[in-house]
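Listed here are the chains, written in short residue letters.
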Amino acid sequence: LAKANPARRIRFYEEATEDAVRERRRMTQELRDALARGQFRLVWQSQVSTQSGRIVGREALLRWEHPVRGPIPPADFIALAEESGLMPRLGEWVLIEACRQAAQWPGREHVSVNLSVMQLVPDLHRAVADALAEAGLPPDRLELEITEASVSRDPERTARLLEKLRAIGVSIAMDDYGRGSMSLTALRELPLDCLKLDHTLMQGLEDGPQALATIRALIALGKSLGLKVVAEGVETREQLELLRREGCDEAQGFLFGPPAEISRAAAG
Ligand code: C2E
Ligand code: MG
Ligand code: MG
Ligand code: MG
């Protein structure tokens, strides 16, 4: 068919591209409106101590409640928010809202907030200090999560920025570790408090002994660097038991329920 009518194929391609551009423009405008109208909310995922089985922290996960399309997961809009310049504002909303909610929890669990690379600006520590002060949340209850992608651009600059955050008393976690290719040297040179093992490692456990060896090695690495180690994507009792045995500090995953509004998370 393509051979028969190449001109038609090209026209189809151009139209498809134009559609994609229009769709992106529309989504960007909708994102902007959503911010103004308060269509975002946070759900929470528990972080459980492998030793005590208690909830010791919760991670804030962003959701877009689209009036027509329903809840949209972050994978479908974070990149667009970053490219369209909306991410700094959206990220600030998450930070303020997460601190505000956490300050109202009955317990003293820590609160983890994901940072976009677009938020890693030199005066981030001021915005964080403001959010904490406004919420009345002690800095030592806040943990900020960064990813390899945020570091790889300029590791030294990122390290300085993270130092300023730690100076105000918040802790820093490296998210999704073990998915990318970050070198051990790069990891060692960052001022970190916590290493989060990517959920793909847990999922790989079924495929054979390789994943187990990797998980063991990464837990040992994290501990030898003096970091708290948290495993993501924990879905079974067996995985939890393995993590406890291997010295992993905390576990996070569907085993403890899906990410939920705080009333349910607090009850669980
Ligand atoms: P993440 O920070 O690694 O968050 C964990 C993701 O794994 C969440 O997906 C969570 O729902 C999912 N998950 C939890 N337990 C399990 C499990 O047992 N098995 C599996 N397979 N997955 C599990 P979610 O909520 O769709 O978020 C995806 C990513 O979007 C997050 O990954 C994070 O990188 C990003 N994100 C979420 N909220 C924010 C935010 O407020 N700001 C920024 N910059 N990024 C965010
Ligand atoms: Mg995270
Ligand atoms: Mg992760
Ligand atoms: Mg992630």
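The model shown is predicted, which means the values in this text are computed figures rather than measured ones. (Residues numbered from 1 in each chain as written. Chains lettered and ligands numbered in written order. Predicted model: local features only at pLDDT ≥ 70, side-chain atom pairs only at ≥ 80, totals over all residues. Heavy atoms only, no water.)

Chemist: Help me understand the packing of helix H4 (residues 124–135) against helix H6 (residues 155–167) in this model?
Modeler: Packed helices, taken two at a time, are described by the angle between their axes plus the distance between the axes. Between H4 and H6, whose axes approach to 9 Å, the crossing angle comes to 25 degrees. The angle between H4 and H6 places the two elements in the roughly parallel class. Taken as a pair, H4 and H6 cross one another with a handedness that is right-handed. Every residue of H6 that contacts H4 at Leu124, His125 and Val128 is listed here: Leu161, Lys164 and Leu165. For the contact of H4 with H6, the residue count by class is four nonpolar, one polar and one charged. (Axes fitted to C-alpha atoms, helices over the stretch in contact; angles between N-to-C directions. Helix = DSSP H or I, 4+ residues; strand = E, 2+ residues; numbered from the N terminus. Parallel < 35°, antiparallel > 145°, perpendicular 65-115°, else oblique. Left-handed = near helix turned anticlockwise from the far one by under 90°. Contact = heavy atoms within 4.5 Å. Nonpolar A, V, L, I, M, F, W, Y, C, P; charged D, E, K, R; others polar.)

Chemist: Quick question: what am I supposed to make of the coordination of the magnesium ion (ligand 3) here?
Modeler: All of the protein donors around the magnesium ion (ligand 3) are Asp175 (OD), Asp176 (OD), Glu232 (OE) and Glu232 (OE); their distances to the metal are 1.9 to 2.4 Å. Every donor residue of the magnesium ion (ligand 3) comes from the same chain, spaced as D-D-x55-E. A distance of 4.2 Å spans the gap from the magnesium ion (ligand 3) to the magnesium ion (ligand 2), which Asp175 bridges by coordinating each metal. Of this pair, Asp175 sits in strand S6 (residues 171–177) while Glu232 is found in the loop between strand S8 (228–231) and helix H10 (237–246), placing the two residues 57 residues apart along the sequence. There is no split in this pair, since Asp175 and Glu232 are both buried. (Donors = N, O, S within 2.8 Å, 3.2 Å for Na, K, Ca; no water. Buried < 20%, exposed > 50% of the residue type's maximum accessible area, 1.4 Å probe, protein only.)

Chemist: Would you mind showing me how to read the coordination of the magnesium ion (ligand 2) here?
Modeler: Tetrahedral coordination by four donors places them ideally at 109.5 degrees to one another around the metal; octahedral coordination by six donors ideally gives 90 or 180 degrees. Within the protein, the atoms that donate to the magnesium ion (ligand 2) are Glu59 (OE), Asn114 (OD1), Glu145 (OE) and Asp175 (OD), at distances of 2.0 to 2.2 Å. When the donor residues of the magnesium ion (ligand 2) are listed from N- to C-terminus, their spacing reads E-x54-N-x30-E-x29-D. Given the relative accessible area of 6%, Asp175 is considered buried.

Chemist: Please clarify how the layout of surface pockets should be interpreted in this entry.
Modeler: Empty space among the atoms becomes visible once a probe the size of a water molecule is rolled across them. The computed volume of the largest pocket comes to approximately 1100 Å³. If you trace the largest pocket, you find 39 residues lining it, with Glu59, Leu61, Asn114, Asp175 and Asp176 closest to the centre. Residue assignment for the lining of the largest pocket shows that the elements contributing at least two residues are strand S1 (40–49), strand S2 (55–66), helix H2 (78–83), helix H3 (87–103), helix H5 (148–152), S6 and helix H8 (199–204). Ranked by the residues each element gives to the lining of the largest pocket, the list is headed by S2, at five residues. Residues that form the lining of the largest pocket fall into these classes: 15 nonpolar, 13 polar and eleven charged. (1 Å grid on protein atoms, 1.4 Å probe; cavity = no way out; pocket = protein on both sides within 12 Å on 5 of 7 lines; lining within 4 Å. Points joined across faces, edges and corners; volume = space filled by probe spheres on them.)

Chemist: It is not clear to me how the pairing of S2 should be interpreted in this structure. Could you clarify?
Modeler: One face of the sheet, then the other: side chains in a regular strand alternate in exactly this way. A large share of S2 lies buried, amounting to nine of its twelve residues. The pairing of S1 with S2 spans nine bridges and is antiparallel. Bridge pairing in S2 places Trp44 opposite Ala60. Here S1 folds back onto S2, and the loop between the two strands holds five residues, one of which, Gly53, carries a positive phi near 75 degrees. Bridge count between S2 and strand S4 (residues 110–114): four bridges; the pairing is parallel. Across the sheet, the residue bridging to Glu59 is Ser112, located in S4. For S2 and strand S3 (residues 70–72), the ladder comprises three bridges, and the chain directions are antiparallel. Looking at the pairing, Trp64 lines up with Ile72 of S3. Taken together, S2 and the strand that follows it, S3, pair antiparallel across an intervening segment of three residues. (Pairing = 2+ DSSP bridges.)

Chemist: Hey, could you run me through the UniProt feature "coiled-coil region" (unreviewed entry) in the protein in this one?
Modeler: When the UniProt feature table is mapped onto this chain, "coiled-coil region" (unreviewed entry) is found at residues 10–37. Along residues 10–37, the helical share is 100% and the strand share 0%, with 40 Å between the first and last C-alpha atoms. (UniProt positions renumbered as here; feature names shortened; annotations may be inferred.)

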